[in-house]
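Examining the three-dimensional arrangement
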Amino acid sequence: MNSTVLAARPPAFLPNWPARLAWIALAAYAFYAASILDVTWDRFVLGLEHGVKFIGRMLPPDTEASKMTLMMRGLYETLEIAVISSALGILISLPLGLFAARNLMPPWVTWPMRFLIAFCRSFHQVIIAILFVKAVGFGALAGILALTVASIGFIAKLFAEAIEEISLKQVEAIRATGASFLNVISYGVLPQVLSRFIGFATYQFDSNLRNSTMVGIVGAGGIGGTMFAAFQKFDYDYLLTILLAIIAMIMVSEALQNWIKKLYQ
Amino acid sequence: MSAPALEIRGLRKEYRRGVPVLSDISITFPSRGITAVIGPSGTGKSTLIRCINRLVEPTAGQILFHGLDLAQLRGKALREARRRIGMVFQEYNLVERLTVMENVLSGRLGYVSPLKAWLRKYPQRDINAAWALLDAVGLTPFANQRADALSGGQRQRVGIARAVMQGPELLLADEPTSSLDPKTSVEIMELMLALADSRRIPVILNIHNVPLAKRFATHVIGMSGGNVVYDGPPEGLTDDHLKQIYGGEDWLE
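Before going into details, it helps to say that this report is about the structure given with it. Note that the coordinates shown come from a computational prediction; the quantities given were computed from them, not determined experimentally.

1. Concerning the sheet that holds strand 1 (residues 6–16) of chain B
Residue and element names in this part refer to chain B. Taking strand neighbours across the sheet as the criterion, the 4 strands line up as 2-1-4-5 in an open arrangement whose pairing is antiparallel. Each edge of the open sheet is held by one strand with a lone partner, namely strand 2 (19–29) and strand 5 (68–69). Pairing of strand 4 (residues 60–65) with strand 5, which is carried by 2 bridges, proceeds in the antiparallel orientation. Paired with F65 across the strands is L68, a residue of strand 5. Contacts from helix 1 (residues 45–52) reach strand 1, strand 2 and strand 4 within the one sheet, and its direction differs from that of strand 1 by about 120°.

See below:
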């Protein structure tokens, strides 16, 4: 081997200085922000002591009969909010997602649709819930409306993206048979995206189930209200009962989702 | 002799303004048998086939199908014309997640309402015809398998069954054998010929394989640079014609 020839070659991997500088800047900013916010090790240790006391007051969980009844009522309402808002959200998202898909629709259709979808996802569920509580009053209706809007913002976008990734060859073949628009959708488009739609829909239900435990904090129905009251009354043992119940509910829904996804593989 | 099933007059297609892929083509297709369109890649063979059922929009010209100008049709009239023209694709274009039976029956989608199609409520006559076609293409045992579980040759058989299921008056095929091995290619050509002959409909296909074209076609259209340079029987196609169509001559030896 002639080493002089090898030495004359340029390096195989060039250093990427802009990226390195960006990483260093990011690390520096993280330390700076921590110092501004008084995040120190001492505070963390002190916080841990508080935490231990807090957990001590949660144990054992409170299972008094009247409180259990109250909790179950809240849980049922949470579940109802999640189911209704998911169903409504998915139903509305199906046409919205289709009309927002740029490979099937002209720009003058997709742009307003994409704007509407982006509008639906511009605020967090809790903020939308606060708006609906002010608009339609306390209770489950506000929660259902808030989570429906949030669902649309999320899954209509995913639906549209899934449709944009389909193979147009299959659509073309169905069009060539002289099929009507709706038949092209149901034979050329839907089969290609159905399993992904099921995935998005179950994911959104899971998400709605967790979010519907939270909208109650701002008065939009469900277990959140009960949970927030327990917080404020320092009822930490009852709080633990509620938290465990929510965990159990999420676990059951997880198992259910896996089963549904298998069904539509 | 009666009016031709398909006649193209002055057909022109420009994907970019001023750059014609097809420049003012006029062809009268025979009403029976296979017409093979041959020519080098990128010469507009595929565009020609796709202009006929308007998967590609022609820029100018007439496409007279039993006297009806397909180039002028819109909306429902276009869909009704498409129902009468079956199409077979190079990459089969089956709906992969549907079963073989659903793919074959999708040939009837121009006749079935959306609700009935969604519920798979096809007329019994169509279902019987689909079973008969599956028998004819030898795929009856695969009826309830998903299309993506089949091999290339089997998929193309489903593609042909779907096109014939339409009960078409014309069968188009866009390079139906280009993705298949030589033996399967011959089988697919034989199948199309048999089905088209038994239904007395003409076939228009484009194909790269000249010997295969000469073997099965009753009429050959040779294209080069967006123009028709040969229009006649396969026996009349000489090496000189092939040189003119494809350019060069080393490949002929």
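Okay, back to it.
2. Looking at the interface of chain B and chain A
Of the residues lining the interface, 31 residues belong to chain B; the matching set on chain A comes to 20 residues. Each partner contributes to the roughly 2200 Å² buried at the junction of chain B and chain A, and carbon and sulfur atoms together form 56% of this total. On inspection of chain B and its partner chain A, the count reaches 2 salt bridges. For the salt bridge of E91(B) with K169(A), the shortest nitrogen-to-oxygen distance reads 2.3 Å. At the surface where chain B touches chain A, the tally comes to 10 residue pairs in polar contact (both at pLDDT 80 or more). In terms of residue class, the side of chain B that touches chain A is made up of 13 nonpolar, 7 polar and 11 charged.

3. Looking at the packing of aromatic side chains
Per the counting criterion, the structure on display carries 7 aromatic pairs over all chains. A ring pair is formed by F159(A) and F197(A), whose centres lie 3.8 Å apart and whose planes are at 20°; its orientation type is stacked. Here F159(A), found in helix 7 (residues 140–164), pairs with F197(A), found in helix 9 (residues 181–212); they are 38 residues apart in sequence, far enough to count as distant. Take F159(A) and F197(A): they sit in the same class, and that class is buried. These aromatic residues form a ring-pair network of at least three members: F54(A), F234(A) and Y236(A). Lying across the ring of Y15(B), K13(B) places its NZ or CZ 4.8 Å from the centre. Above the ring of Y111(B), the side-chain terminus of R108(B) is found at 4.2 Å from the ring centroid.

4. Here we look at helix 5 (residues 107–120) of chain A
Residue and element names in this part refer to chain A. A rise of 1.5 Å per residue sets the reference length of helix 5, with its 14 residues, at 20 Å; its end C-alpha atoms lie 20 Å apart and thus fit the reference within 8%. Within helix 5, burial applies to V109, T110, I117 and C120. One side of helix 5 carries all its buried residues, which in axial view fall inside an arc of 85°. For helix 5, the exposed residues lying more than 90 degrees away from the buried face are P107, W108, W111, F115 and F119. Each element contacted by the buried residues of helix 5 is listed here: helix 4 (65–100), helix 6 (125–136) and helix 7.

5. Overview of the sheet that holds strand 10 (residues 227–232) of chain B
Residue and element names in this part refer to chain B. Taken in spatial order, the 6 strands line up as 6-7-8-3-9-10 in an open sheet, and their pairing is mixed. At either margin of the open sheet sits one strand with a lone partner, and together these are strand 6 (85–88) and strand 10. Each neighbouring strand pair of the sheet contributes to a mean axis angle of 15°, computed without reference to strand direction. Direction of pairing for strand 6 relative to strand 7 (residues 170–174): parallel, over a ladder of 4 bridges. Looking at the pairing, V88 lines up with A173 of strand 7. Packed on one face of the sheet, helix 6 (residues 152–165) meets strand 6 and strand 7 and runs near 170° to strand 6.

6. Quick word on the pattern of salt bridges
Opposite charge on two side chains makes pairing possible when the charged atoms of those side chains draw close. All names here are of chain B. Scanning the entire structure with this criterion turns up 24 salt bridges over all chains. With its nearest N and O atoms 2.8 Å apart, the salt bridge here joins D174 to R50. Of the two residues, D174 sits in strand 7 while R50 sits in helix 1, which places them 124 residues apart along the sequence. Both residues of the pair, D174 and R50, belong to the buried class. Between E169 and R84 there is a salt bridge, with the nearest N and O atoms lying 2.8 Å from each other. Highlighted residues: E169 in the loop between helix 6 and strand 7 and R84 in the loop between helix 2 (75–83) and strand 6, separated in sequence by 85 residues.

Parameters and conventions
Residues numbered from 1 in each chain as written. Chains lettered and ligands numbered in written order. Predicted model: local features only at pLDDT ≥ 70, side-chain atom pairs only at ≥ 80, totals over all residues. Heavy atoms only, no water. Pairing = 2+ DSSP bridges. Helix = DSSP H or I, 4+ residues; strand = E, 2+ residues; numbered from the N terminus. Contact = heavy atoms within 4.5 Å. Axes fitted to C-alpha atoms, helices over the stretch in contact; angles between N-to-C directions. Buried area = accessible area lost by both parts, 1.4 Å probe. Salt bridge = Lys/Arg side-chain N within 4 Å of Asp/Glu carboxyl O. Polar contact = N/O pair within 3.5 Å; in protein donor to acceptor, adjacent residues only side chain to side chain. Nonpolar A, V, L, I, M, F, W, Y, C, P; charged D, E, K, R; others polar. Phe/Tyr/Trp six-rings, centres within 6.5 Å; stacked < 30°, edge-to-face > 60°. Buried < 20%, exposed > 50% of the residue type's maximum accessible area, 1.4 Å probe, protein only. Lys NZ or Arg CZ within 6 Å of the ring centre and 35° of its normal. Expected span 1.5 Å × (residues − 1). Arc of directions from axis to C-beta.

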